[in-house]
Amino acid sequence: SQTIHQWPATLVQPVGSPLSLECTVEGTSNPNLYWYRQAAGRGLQLLFYSVGIGQISSEVPQNLSASRPQDRQFILSSKKLLLSDSGFYLCAWSVDSHTDTQYFGPGTRLTVL
Amino acid sequence: DAKTTQPTSMDCAEGRAANLPCNHSTISGNEYVYWYRQIHSQGPQYIIHGLKNNETNEMASLIITEDRKSSTLILPHATLRDTAVYYCIVYYDKVIFGPGTSLSVIP
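What counts, and at which threshold
Residues numbered from 1 in each chain as written. Chains lettered and ligands numbered in written order. Predicted model: local features only at pLDDT ≥ 70, side-chain atom pairs only at ≥ 80, totals over all residues. Heavy atoms only, no water. Helix = DSSP H or I, 4+ residues; strand = E, 2+ residues; numbered from the N terminus. Buried < 20%, exposed > 50% of the residue type's maximum accessible area, 1.4 Å probe, protein only. Contact = heavy atoms within 4.5 Å. Phe/Tyr/Trp six-rings, centres within 6.5 Å; stacked < 30°, edge-to-face > 60°. Lys NZ or Arg CZ within 6 Å of the ring centre and 35° of its normal. Disulfide = S-S within 2.5 Å.

Engineer: Hey, could you run me through the overall build of chain A in this one?
Structural biologist: In terms of helices and strands, chain A carries 0 helices and 11 strands. Taken from the N to the C terminus, the helices and strands of chain A come in the order β-β-β-β-β-β-β-β-β-β-β. Summarising its shape, the C-alpha atoms of chain A cover approximately 35 × 25 × 20 Å along the three principal directions. Relative to its 113 residues, chain A shows a buried fraction of 48%. A sequence separation of at least 24 residues applies to 55% of the contacts in chain A between residues at least 6 apart.

Engineer: Explain the packing of aromatic side chains here, please?
Structural biologist: Aromatic ring pairs are reported here in terms of the distance separating the ring centres and the angle at which the planes meet. Throughout the structure, instances matching the rule amount to 13 aromatic pairs over all chains. Measuring from centroid to centroid gives 5.3 Å for B:Tyr87 and B:Phe97, while their planes differ by 85°, and the two rings are edge-to-face. In this pair, B:Tyr87 sits in strand 8 (residues 84-91) while B:Phe97 sits in the loop between strand 8 and strand 9 (101-106), placing the two residues 10 residues apart along the sequence. A relative accessible area of 1% places B:Tyr87 in the buried class. What makes B:Phe97 buried here is its relative accessible area of 6%. Ring pairing ties together the aromatic residues A:Tyr34, A:Tyr36, A:Phe104, B:Tyr32, B:Tyr34, B:Tyr36, B:Tyr46, B:Tyr87 and B:Phe97, which thus form one cluster. The ring of A:Phe88 carries A:Arg109 above its face, with NZ or CZ at 4.3 Å from the centroid.

Engineer: In this structure, what is going on with the state of the cysteines? I would like to understand it.
Structural biologist: Note on terminology: a disulfide is the covalent bond linking the sulfur atoms of two cysteines. This structure, assessed with the given rule, holds 2 disulfides over all chains. There is a disulfide in this structure between A:Cys23 and A:Cys91, and the S-S distance comes to 2.0 Å. One quick way to see it: the torsion about the S-S bond of A:Cys23 and A:Cys91 is about -75°, and its sign makes the bridge left-handed. Here A:Cys23, found in strand 3 (residues 19-26), pairs with A:Cys91, found in strand 9 (residues 87-94); they are 68 residues apart in sequence, far enough to count as distant. For B:Cys22, the disulfide goes to B:Cys88, at an S-S distance of 2.1 Å. Between B:Cys22 and B:Cys88, the S-S dihedral sits near -80°, and the bridge is therefore left-handed. Placement of B:Cys22 in strand 2 (residues 18-23) and of B:Cys88 in strand 8 is noted, with a sequence separation of 66 residues between them. The thiol of B:Cys12 is not disulfide-bonded; the next cysteine sulfur, from B:Cys22, is found 18 Å away.

See below:
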C-alpha cells in the first residue's frame, strides 16, 4: 500500500530564517506531487505541483520554492521566511493528472514569529 | 476561485443521516465532483467522487442531480468521528479547495 510522510510535524521559525519541508511517498512510482498551504480557518491553496523529477509548476508567486530531487521526494523551501508564511503545509500525491484522486500527508504546522 | 458553493456549517445528530449539499452550476460535461473531508489538524481524506451517476462506497453516498448542477453527500449514520470540514470540489484541470462545510455531529 502507498504511504506519504511529511516532516517535521510542527516547526517554529523566526522571520528571515530559511525553511525546508520534506515529503516522501512510498509504494508507488512516478506519482504527481503537490504542495498546499492552509491558513488558519481557510481552504487549501495549491502552491506547487510536479509531474516528474525536476519538473515543478508554481501556482502562486511568492518567496517559496519547490524541488523534486528524486521520484518520490518533494521539498518545499524558502530562503527567508515571512510572517505570512505561517500555516499548515500539506503534501499530496496522485497516480495521474491532478484531476485524479489526491492522497494527503499528515501536514506540517509552521509558525513564523 | 472555487467552482462550488457549500453552506458554511451544519449540525447533525449522532446516528442520523448527514446530508451535505453542494452547488456547482457551472460544471462542464467532463468535470468530476469530488468530496474530501478534513478532520481538525489532519490532512484531507478522499471520500468519494462521481461524474453523472450516483455513487456509493463504504464511507458515503453521492447523489448528483440529473442536470449535474448540484450534488449531495450522504453519511448514512453519522458518528462523532465524522465531525470535520467537508470539501466539495469540481475539477478537470486542477483542484481548487474552497472553505467547505464544517459538519458538527452532536451526541
